Amino acid sequence: GNYAFRGCTSIAQVNFNATECNYMYNAFDGCTNTANVYIGDNVKVIPSNAFNHFNGLTNLTIGESVISIGSYAFDYCSSLKKVNYNAINCAATNGTIFNSRNYNYNDLTTVVIGDKVKTIPAKLFYVGSSHSRIKSITWGKSIEEIQEEAFYGSDMSSITIPGTVKTIGDYAFA
């Protein structure tokens, strides 16, 4: 439910594997000690604001079955350092996901794209003018398309695009 685990400081890990999680809104608001969140392969939709203000989140794994991620789903997750993205058929995201409103945003330095992922959806790692600290992207073996603004605001000093990539959208790394 809304703010269901608000302020919990003793949760060490969250394994989420329900098919639907539409009832979540800021469910982990203010949780400070949780390090890892695993969104399992049964989850299809991550709703808007679901993990908003989850301050203790440092490592996030998104499972293969996710087809939609709502806007601001991981907004204000200020300790997030690594995202393992495995969603095979996430055709679209609904707005910005990780943050564009907090201009002192995050410590996200590492993104790992799973081997079965073919497309990075538009605005997946978009952070607007706040500039994340993404330093490295590990590309999966199947990546073919990086949609518009997928890493907008990432401010990387260098990047190697795999030979499997056929399409790069407008402002993908701007």
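Just so we're clear, the structure is a prediction, and the values are computed from it rather than from any experiment.

**Things to note about the side chain of T58**
Here comes step 1: In this structure, T58 sits in the loop between β3 (45-46) and β4 (59-62).
Here comes step 2: Polar side-chain contacts of T58 include one of 3.4 Å to the side chain of N59.
Here comes step 3: Not counting residues up to four positions away in its chain, the partners in contact with T58 are T34, A35, S79, L80, K81 and K82.

**Observations regarding the confidence of the model for the chain**
Here comes step 1: On average, the chain scores 82 in pLDDT, and the residues at 70 or more come to 87%.
Here comes step 2: When pLDDT is averaged over each helix and strand of the chain, the minimum, 66, is found for strand β7 (residues 92-93) and the maximum, 98, for strand β12 (residues 167-168).

**Considerations on the environment of A87**
Here comes step 1: Within the secondary structure, A87 sits in the loop between β6 (82-85) and β7.
Here comes step 2: For A87, a relative accessible area of 0% gives the class buried.
Here comes step 3: The spatial distance from the C-alpha of A87 to the C-alpha of V117 is 6.3 Å, given a sequence separation of 30 residues.
Here comes step 4: Setting aside its immediate chain neighbours within four residues, A87 contacts I62, G63, E64, V66 and V117.

**Quick notes on the pattern of salt bridges**
Here comes step 1: This model, assessed by the stated rule, comprises 2 salt bridges.
Here comes step 2: The closest approach of N and O atoms between E64 and K116, which form a salt bridge, is 3.5 Å. Here E64, found in the loop between β4 and β5 (68-69), pairs with K116, found in the loop between β8 (110-113) and β9 (119-120); they are 52 residues apart in sequence, far enough to count as distant.
Here comes step 3: For E64, a relative accessible area of 29% corresponds to the partly exposed category.

**What about a nonpolar patch on the surface?**
Here comes step 1: Judged by side-chain polarity, I159, I161 and I168 come together as a nonpolar surface patch covering roughly 220 Å² of accessible area.
Here comes step 2: Within the secondary structure, I168 sits in strand β12.

**A closer look at the nonpolar core**
Here comes step 1: One finds I46, I69, F74, Y85 and I120 to be the most contacted residues of the largest nonpolar core, which totals 46 residues.
Here comes step 2: Elements supplying a minimum of two residues to this core: β1 (13-16), β2 (36-39), β4, β6 and β8.

**Concerning the sheet that holds strand β11 (residues 145-146)**
Strand pairing within a sheet occurs via backbone hydrogen bonds; the two strands may be parallel or antiparallel.
Here comes step 1: With respect to topology, 3 strands assemble into an open sheet ordered β9-β11-β12, the strand pairing being parallel. Looking along the sheet, the strands with just one partner apiece sit at the ends: β9 and β12.
Here comes step 2: Sheet analysis places β11 next to β12, joined by 2 bridges and oriented parallel. Looking at β12, one finds that E145 is bridged to T167.

**Structural notes on the pairing of β2**
Here comes step 1: When β1 meets β2, the two strands line up parallel, connected through 4 bridges. Opposite N15, over in β2, you have Y38 as the bridge partner.
Here comes step 2: Sheet topology note: the β2/β4 ladder contains 4 bridges and is parallel. Opposite V37, over in β4, you have L60 as the bridge partner.

**Quick notes on the pairing of β8**
Here comes step 1: Every second residue of β8 is oriented toward a common face, the buried set being V111 and I113 and the non-buried set T110 and V112.
Here comes step 2: Relative to β8, β6 runs parallel, the two sharing 4 bridges. Bridging from a neighbouring strand, V83 pairs with V111 of β8.
Here comes step 3: Inspection of the sheet shows β8 paired to strand β10 (residues 136-138) by 3 bridges, in the parallel sense. Of the residues in β10, the one forming a bridge with V111 is I137.

So, how was this worked out
- Residue numbering note: each chain is counted from 1, following its sequence as written.
- At least 70 in pLDDT is required for a residue's local features to be given in this predicted model, at least 80 for side-chain atom pairs to be given and counted, and no such filter applies to totals for whole chains, interfaces and linings, which use all residues.
- Heavy atoms throughout the structure, all of them, feed into the side-chain values; hydrogens and water do not.
- Secondary structure is summarised from DSSP: a helix means a run of H or I of at least four residues, a strand means a run of E of at least two, and numbering begins at the N terminus for each.
- N or O atoms closer than or at 3.5 Å make up a polar contact, with two conditions inside protein: a donor-capable atom paired with an acceptor-capable one, and, for residues adjacent in sequence, both atoms drawn from side chains.
- Every residue pair with non-hydrogen atoms within 4.5 Å of one another is taken to be in contact.
- Per-residue confidence from the predictor is reported as pLDDT, which spans 0 to 100.
- Burial classification: accessible surface area is computed with a 1.4 Å probe over protein chains only, and a residue below 20% of its type maximum counts as buried, one above 50% as exposed, and the rest as partly exposed.
- One side-chain nitrogen of Lys or Arg within 4 Å of one carboxyl oxygen of Asp or Glu is enough to make a salt bridge.
- Patch rule: a residue counts if its relative accessible area is over 30% and it has no salt bridge; like charges are joined within 9 Å, and nonpolar side chains (Val, Leu, Ile, Met, Phe, Trp, Tyr) within 5 Å.
- Using a 1.4 Å probe, accessible areas were evaluated by the Shrake-Rupley method; residue-level cover was limited to the displayed protein chains.
- Working definition of a nonpolar core: buried Ala, Val, Leu, Ile, Met, Phe, Trp, Tyr and Cys residues. They are joined through side-chain atoms within 4.5 Å.
- In this analysis, strands are considered paired if DSSP registers two or more bridges between them.

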